[in-house]
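Structure at a glance
Here's the letter readout for the chains.
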Amino acid sequence: ETWRYAFEEAITDVQGVYATKFKEEVEANSDHEIQLFPYGTLGESADTMEQTQAGILQFVDQSPGFTGSLIPEAQVFFVPYLLPQDTEQLGEFFRTSKAINEMFPEIYAEQGLELLKMFPEGEVCMTTQEPVKSPEDLNEVKFRVMTNPLLVENYRAFGATPTPLPWGETYGGLQTGIIQGQENPMFWIESAKMYEVTEVITCAGHNNFTTAVMANKDFYDGLSEEDQQMIQDAMDVAFDHIIDYQKGLHEESLEKILEAKPSMTVNVLTEEERAPFVAAAEEVEAKFIEMTGDSGQELLEQFKADLAAVTE
Ligand code: 6CS
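In this report, the structure presented in the accompanying data block is examined.

A closer look at the site of the ligand
Looking at the ligand, the residues that line it are Glu 8, Glu 9, Phe 66, Arg 144, Met 146, Trp 167, Asn 184, Pro 185, Trp 188 and Phe 209. Between Arg 144 and the ligand, the recorded distance is 2.8 Å, taken from a side-chain N or O atom to an oxygen atom. With respect to the ligand, the side chain of Asn 184 contributes an N or O atom lying 2.9 Å from a nitrogen atom. Taken together, the residues of the shell around the ligand break down into six nonpolar, one polar and three charged.

Right, here's the structure in full:
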């Protein structure tokens, strides 16, 4: 059988490397084939999610940044300063977290989705036209965010004017000045050439990009136990591979950016400069609870307990 798998990035980007590893494993260990659909072949993230729910696609990688309206609890990833930046701790968190591996699959299942894996894609940094040293510097800045209500609240609390847009409108929006800023991991700032249309990179350590791979649940439930296990194993191999693949990627990508555009300014905020951004997190967390109620509260508590277990 041929299974279709769509993701939100190019084949050489993190999601593409993950998907390629998964495909290799499936094809080496079964008679099934995986057909990969990178970003741009089937529409935006919202389109590939619809196609997966409809059963046209068997697998999809959709980041919580686009899943917020469908699955409000998935917005937990946009409470700033919740995730550690230490990649070892981060990998351990995703491997061991009960919130990630037990609670989220139940929540995704309610939308007809079998959640197979969540994984980190790197520290998120802002790119803007002017330096950002404090929330005041984001005043009047129309800042593109993924279409996630809590991410909108995140940037409102950071002092910006958040503008949710699908990925496809971001480069053009920055070029024409409709928006003046956006955030993404360094590999993506490099590969999507965000440095061509912005002047300053600011790393405030407020988040790490998370993504999620899932299957259409009816399709998955209809598989033999053997195939289900083969898929789980292939996901585990791809996870280890992608954690390993990302070692040094942030630094390498930054080097490439500075080679391509030596005039790019890069600011890593000091602890003192981060303080007002850190303070804003409280308000965003309160919004998360407001939006998700008891189930969000329960998830957040487990999420924090799981984090404490790997960071302490
Ligand atoms: O900002 C975005 O919309 C995109 N960023 C990444 C790192 N992956 C896919 C997503 O569409």
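Considerations on the packing of helix α1 (residues 14-29) against helix α10 (residues 225-245)
Viewed as axis vectors pointing N to C, α1 and α10 meet at an angle of 140 degrees, and their least axial separation amounts to 8 Å. If you check the angle between α1 and α10, you find them oblique. As α1 runs across α10, the sense of the crossing is right-handed. Contacts between α1 and α10 involve Val 14, Val 17, Tyr 18, Lys 21, Phe 22, Glu 25, Val 26 and Asn 29 from the first element and Met 230, Ile 231, Ala 234, Met 235, Val 237, Ala 238, Phe 239, His 241, Ile 242 and Tyr 245 from the second. Residue classes in the contact of α1 with α10 are distributed as 14 nonpolar, two polar and two charged.

Here we look at the side chain of Thr 292
Within the element layout of this structure, Thr 292 appears in helix α12 (residues 271-311). With residues up to four places along the chain from it excluded, the contact list for Thr 292 reads Pro 72, Glu 73, Gln 75 and Gln 297.

Side note on the pairing of strand β7 (residues 181-185)
Within β7, five of the five residues are buried, leaving the element largely enclosed by the surrounding structure. The alternating pattern of β7 places Gly 181, Glu 183 and Pro 185 and Gln 182 and Asn 184 on opposite faces, both of which are buried. Direction of pairing for strand β4 (residues 113-128) relative to β7: antiparallel, over a ladder of five bridges. Residue pairing for β7: Met 126 is matched across the bridge by Glu 183. Summarising the sheet, strand β5 (residues 142-145) and β7 pair through two bridges and their orientation is parallel. Residue pairing for β7: Arg 144 is matched across the bridge by Gln 182.

What to know about the state of the cysteines
Scanning the model with the defined rule gives one disulfide in all. A sulfur-sulfur distance of 2.1 Å marks the disulfide that ties Cys 125 to Cys 203. Residues Cys 125 and Cys 203 share a disulfide whose torsion about the S-S bond is about 105 degrees; that sign makes it right-handed. Highlighted residues: Cys 125 in strand β4 and Cys 203 in strand β8 (residues 200-203), separated in sequence by 78 residues. For Cys 125, a relative accessible area of 0% translates into the label buried.

So, unusual backbone geometry
The backbone of Glu 140 shows a phi angle near 75 degrees, a positive value even though the residue is not glycine. By secondary structure assignment, the location of Glu 140 is in the loop between β4 and β5. Of note in this structure, Lys 193 is not a glycine but carries a positive phi near 55 degrees. Lys 193 sits in the partly exposed class, given a relative accessible area of 35%.

Re a negative patch on the surface
A cluster of acidic side chains, namely Glu 251, Glu 252, Glu 255 and Glu 259, defines a negative patch on the protein surface. Looking at where Glu 255 falls in the secondary structure, it is placed in helix α11 (residues 249-260).

Reading guide: rules and limits
Residues numbered from 1 in each chain as written. Predicted model: local features only at pLDDT ≥ 70, side-chain atom pairs only at ≥ 80, totals over all residues. Heavy atoms only, no water. Near = heavy atom within 4 Å. Polar contact = N/O pair within 3.5 Å; in protein donor to acceptor, adjacent residues only side chain to side chain. Nonpolar A, V, L, I, M, F, W, Y, C, P; charged D, E, K, R; others polar. Axes fitted to C-alpha atoms, helices over the stretch in contact; angles between N-to-C directions. Helix = DSSP H or I, 4+ residues; strand = E, 2+ residues; numbered from the N terminus. Parallel < 35°, antiparallel > 145°, perpendicular 65-115°, else oblique. Left-handed = near helix turned anticlockwise from the far one by under 90°. Contact = heavy atoms within 4.5 Å. Buried < 20%, exposed > 50% of the residue type's maximum accessible area, 1.4 Å probe, protein only. Pairing = 2+ DSSP bridges. Disulfide = S-S within 2.5 Å. Patch = residues over 30% accessible without salt bridge, like charges linked within 9 Å, V, L, I, M, F, W, Y side chains within 5 Å. Areas by Shrake-Rupley, 256 points an atom, 1.4 Å probe, with all protein chains shown as cover. Salt bridge = Lys/Arg side-chain N within 4 Å of Asp/Glu carboxyl O. Lys, Arg positive; Asp, Glu negative; His and termini not counted. Charge placed at Lys NZ, Arg CZ, Asp CG, Glu CD.

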